[in-house]
Amino acid sequence: VSQLVLNPLFAEKVPYDVLKDFVPIGMIGDLVMALYVHNSIPANNLKGLLDFAKANPGKINYGSSGIGMSFHLAGEMLSLRGGASLTHVPYKGTAQALQDLYAGRLQMMFYPPNKAVIGMIQSGAIRPLAAMSDKRLAQLPEVPTFAEAGVGNLGVTGWGGMTGPAGLPRDIVMRFNRAMNNASARPEMAKAFETMTMVPARITPEEMGARLKHDIDFWSEMVTKLGLKKQAAKG
């Protein structure tokens, strides 16, 4: 999703046209994530967090792996939907952001409930408030979804998929698609997906193409509505 949907929206120049230069093959799966706050924030649910943010403008800083990444856009969408002021702090990666959340230098963050995050929850340093998924996560069964918390699905997902160059023969596209879908159905892959906090997709090339078009249209509109700007290339 970063390379195919978000980068073209945030980078001043990209050397490709996603819908013309690539052919969809299949999706690996969706990365599920949740919202966490540091234990210094007096909020035990999403409403409490939004009420605190409204009463304390500028006091809620959240980290991400960079401008235009899923974790950043999730915060922008929550700010829009919840009517609260949330300050984005972009990092070069998520490791330092998670460390700062643990230490209380950040007050909020979106991230998958992986082993490291579960450990931080168990230590009492952070608490999960809502899951960004259609149903409750197996890793956080007591945590409500955003819909259950009254905000509604934020529309933010991180997904992985496979594409090929435009014009790739149909038989090759379908061979790869079948191999991907068959592999993701194997028991050992189910364990790997759980470790990565991903939900396997197992869809057709046409379904991936429709998903890709939907996400491009959705985020093109939302980037304008949120007032986010393109970023100059670095390096």
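Details of the structure are given in the entry above.
Residues numbered from 1 in each chain as written. Predicted model: local features only at pLDDT ≥ 70, side-chain atom pairs only at ≥ 80, totals over all residues. Heavy atoms only, no water.

> Can you lay out the packing of aromatic side chains for me, pointing to particular residues and giving the numbers?
Under the counting rule described, the total for this entry stands at 4 aromatic pairs. Ring centres of Tyr16 and Phe22 lie 5.5 Å apart, and the angle between their planes is 75 degrees; on these two criteria the pair is classed as edge-to-face. By relative accessible area, which is 23% here, Tyr16 ends up partly exposed. On the numbers, 4.9 Å between centres and 85 degrees between planes, the contact of Phe218 with Trp219 is edge-to-face. Overall, the relative accessible area of 23% leaves Phe218 in the partly exposed class. (Phe/Tyr/Trp six-rings, centres within 6.5 Å; stacked < 30°, edge-to-face > 60°. Buried < 20%, exposed > 50% of the residue type's maximum accessible area, 1.4 Å probe, protein only.)

> Kindly report on the side chain of His88, identifying the contributing residues and their values.
Take His88: it is sitting in strand β4 (residues 87-90). Under the relative-accessibility criterion, His88 is labelled buried at 18%. Within the local environment of His88, its side chain forms a polar contact with the side chain of Ser64, the two groups lying 2.6 Å apart. (Helix = DSSP H or I, 4+ residues; strand = E, 2+ residues; numbered from the N terminus. Polar contact = N/O pair within 3.5 Å; in protein donor to acceptor, adjacent residues only side chain to side chain.)

> Which residues make up the environment of Asn114, and what values go with them?
Within the secondary structure layout, Asn114 lies in the loop between β5 (108-111) and α6 (115-123). Spatially, the C-alpha atom of Asn114 lies 14 Å from that of Gly158, the residues being 44 residues apart in sequence.

> Can you tell me about the environment of Glu76, naming the residues and giving the values?
Residue position: Glu76 is located in helix α4 (residues 70-82). Residues Glu76 and Gln3 lie 73 residues apart in sequence; the distance between their C-alpha atoms is 20 Å. If we ignore the near neighbours within four places in the chain, the residues touching Glu76 are Tyr62, Leu226 and Leu228. (Contact = heavy atoms within 4.5 Å.)

> An account of the pairing of β4 is requested, with residue identities and associated values reported.
The pairing of strand β3 (residues 61-64) with β4 spans 4 bridges and is classified as parallel. Across the sheet, residue Asn61 finds its bridge partner in β4, namely Thr87. For the segment spanning β3, α4 and β4, crossover handedness is right-handed. (Pairing = 2+ DSSP bridges. Right-handed = clockwise from strand over helix to strand, strands pointing away.)

> Explain the nonpolar core to me, using residue names and the numbers behind them.
Ranked by internal contacts, the top residues of the largest apolar core, which has 62 residues, are Leu49, Leu78, Met108, Phe110 and Phe146. Residue contributions to this core peak at 7 residues, all from helix α9 (residues 205-226). Ignoring anything within four residues of it in the chain, the contact list for Met108 reads Leu35, Tyr36, Val37, Leu49, Ile60, Asn61, Tyr62, Gly63, Leu78, Leu86 and Leu101. (Core = buried A, V, L, I, M, F, W, Y, C linked by side-chain atoms within 4.5 Å.)

> Can you explain the sheet that holds β3? Please cite residues and give values.
If you trace the 5 strands from one edge of the open sheet to the other, you get β4-β3-β5-β2-β6, paired in mixed fashion. If you trace the sheet from one side to the other, it starts and ends with β4 and β6 (126-132), each paired once. Each neighbouring strand pair of the sheet contributes to a mean axis angle of 30 degrees, computed without reference to strand direction. Here helix α5 (residues 94-103) sits on the sheet and contacts β2 (33-38), β5 and β6; the angle it forms with β5, its principal contact strand, is near 135 degrees. Packing against the sheet, α6 makes contact with β2, β5 and β6, and its axis sits at approximately 130 degrees to β6. (Axes fitted to C-alpha atoms, helices over the stretch in contact; angles between N-to-C directions.)

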